[in-house]
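Given next are the chains, with one letter for each unit.
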Amino acid sequence: MRMRSVLATVTAGLAAATCVTAAAPANAHSGTAPGVHACSPAVSITSYSDALDKTTYDGTFVGNLSALAVDRGGRIAALSDRSSLFTLDRETLKPTSVVNLVDEKGAALDSEGLAVDRDGTRLVTSETEPSVRRYERDGTLVGSLPVPDALKVAPAGRATTNLTFEGLTLLPGGHTLLAAMEGALSGDTAGIVRFQTWERTRHDFRLSAQYGYRTDTGLGVSEAQATPDGRLLVLERGFTAGVGNTVRLYLADLRHATDTRGVDTLTGQDGVRLARKTLLADLVNCPSLGAQAKQPQPNPLLDNIEGLTVTGRTPDGRLQLLLVSDDNQNAVQTTRLYSLSARLPHTVNG
């Protein structure tokens, strides 16, 4: 999101992404010994790159990046919350094309979530309403998906402006689409956010189950991405002036969570099971790899991280992750790409 702080299915779905490997970003900074890279027992950082920071491509500012997805051929789709959708080269991660996205009236989006469907069309969320729209590769608007009334921004619904659809992902097989709300609805307990799903029909998607997810105190969901086994990687993020960013990577499991479509308010009440989650890494504990911050940060590596996608697997089976920070086109923030790897536990603790 602008003032605060997507595994795409390729052909048959998420399984294809496990064959895609994005190279370390051009001009990346990295260490040498694997132990030096550890952020936690489960997560390591390979490298980071500031090569895109405060640059332009074809007259368009390369920044404000809020989502990533794997495109056909292993290319990376990178979404700006100022309505620009870039394609990045899979090896250098430098832009090779850009298209502009608009709504039905030709207005710009507050575009935050991105998934690439199996036919190559782009599913894009905008926080404004919120909405999920479908676009052709050239940026042509194809249509939009239904959104529950309660998830709409007040007064139409119970959502707060700039705290709506922040993450978007297709689950394995491409039959289920999931959007993650960043913040709680009015009436729901602070910190309990809703994950909305849609099921594929013959022609598009229809509204389906909804789930509750509890964030850590003071944090919001900045991204949710499916893993090849159907669980979710969830980024929780916050910012404190004079201190900096908090960014935590969780693994979440919806399999035993309650469908909350018929639950008016989520308060943590008995009988309503929220998604289970387990911490993979607090990124403050990652080695800085020599990174520098333009404003106070608890770790100079950190910035306003908003985008995450799974790009492949390491030879030993770890998931390869690519993350990106949203610089808000702000002089004291950085557009930074991060290459991480993660070994997922077999179970989610709670």
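Only a predicted model underlies this, so the values are computations on that prediction, with no experimental measurement involved. Numbers given to residues run from 1 along each chain, matching the order in which its sequence is written. Local features in this predicted model are restricted to residues of pLDDT 70 or higher, and side-chain atom pairs are both shown and tallied only at a pLDDT of 80 or more, whereas totals for entire chains, interfaces and linings draw on every residue. Side-chain numbers here rest on the full set of heavy atoms in the structure, without hydrogens or water.

## What about the pattern of salt bridges?
Heads up, the condition is: Any Lys or Arg side-chain nitrogen located within 4 Å of an Asp or Glu carboxyl oxygen qualifies as a salt bridge. Helix and strand assignments follow DSSP, with helices taken as H or I runs no shorter than four residues and strands as E runs no shorter than two, numbered in order from the N terminus. For every residue, the accessible area (1.4 Å probe, protein chains only) is compared with the maximum for its type, and the residue is labelled buried under 20%, exposed over 50%, or partly exposed between those bounds.
Applying the stated rule across the entire model yields 27 salt bridges. Residues Arg237 and Glu306 are paired through a salt bridge, measuring 2.7 Å at the closest nitrogen-oxygen approach. One end of the pair, Arg237, is in strand β18 (residues 232-240); the other, Glu306, is in strand β21 (residues 305-313), with 69 residues separating them in the sequence. The two residues Arg237 and Glu306 agree in class, both being buried. In this structure, Arg261 engages Asp259 in a salt bridge whose closest nitrogen and oxygen atoms are separated by 2.7 Å. Owing to a relative accessible area of 30%, Asp259 belongs among the partly exposed residues under this scheme.

## A closer look at the nonpolar core
Rules: In this text, buried Ala, Val, Leu, Ile, Met, Phe, Trp, Tyr and Cys residues form a nonpolar core when linked through side-chain atoms within 4.5 Å. Here, residues are in contact when the closest pair of their heavy atoms is within 4.5 Å.
Counting 34 residues, the largest nonpolar core has Leu123, Leu177, Phe195, Tyr213 and Val234 as its most contacted members. The set of elements that each furnish at least two residues to this core consists of β13 (165-170), β14 (176-181), β15 (192-200), β16 (205-214), β17 (220-226), β18 and β19 (244-253). At 5 residues, β14 tops the list of elements feeding residues into this core. Setting aside chain neighbours within four positions, we find Leu123 in contact with Gly113, Leu114, Ala115, Asp117, Val132, Arg133, Arg134, Leu145, Leu168, Leu170, Leu177 and Phe205. With 29 residues, the next largest nonpolar core counts Ala291, Leu321, Leu340 and Val348 among its residues.

## Section: the side chain of Ser40
The following threshold applies: Polar contacts here mean pairs of N or O atoms no more than 3.5 Å apart (in protein, one a potential hydrogen donor and the other a potential acceptor; neighbouring residues in sequence count only if both atoms are side-chain atoms).
Of note, Ser40 is situated in the loop between β1 (29-30) and β2 (43-49). Separated by 2.6 Å, the side chain of Ser40 and the backbone oxygen of Leu280 make a polar contact. Each residue touching Ser40, except ones within four places of it in the same chain, is listed here: Leu280 and Ala281.

## Re the sheet that holds strand β12 (residues 141-144)
Where strands meet in a sheet, backbone hydrogen bonds hold them as pairs that are either parallel or antiparallel. Heads up, the condition is: Any two strands with at least two DSSP bridges between them are considered paired. Every axis in this analysis is a line fitted to C-alpha atoms, fitted for helices over the stretch in contact. Angles between the N-to-C directions lie between 0 and 180 degrees.
Pairing within the open sheet is antiparallel, and its 4 strands lie in the order β9-β10-β11-β12. A single partner strand is all that each edge strand has here, and the edge strands are β9 (111-116) and β12. Here the average twist between neighbouring strands, direction ignored, is 25°. Examined bridge by bridge, strand β11 (residues 131-135) and β12 share 3 bridges and lie antiparallel to one another.

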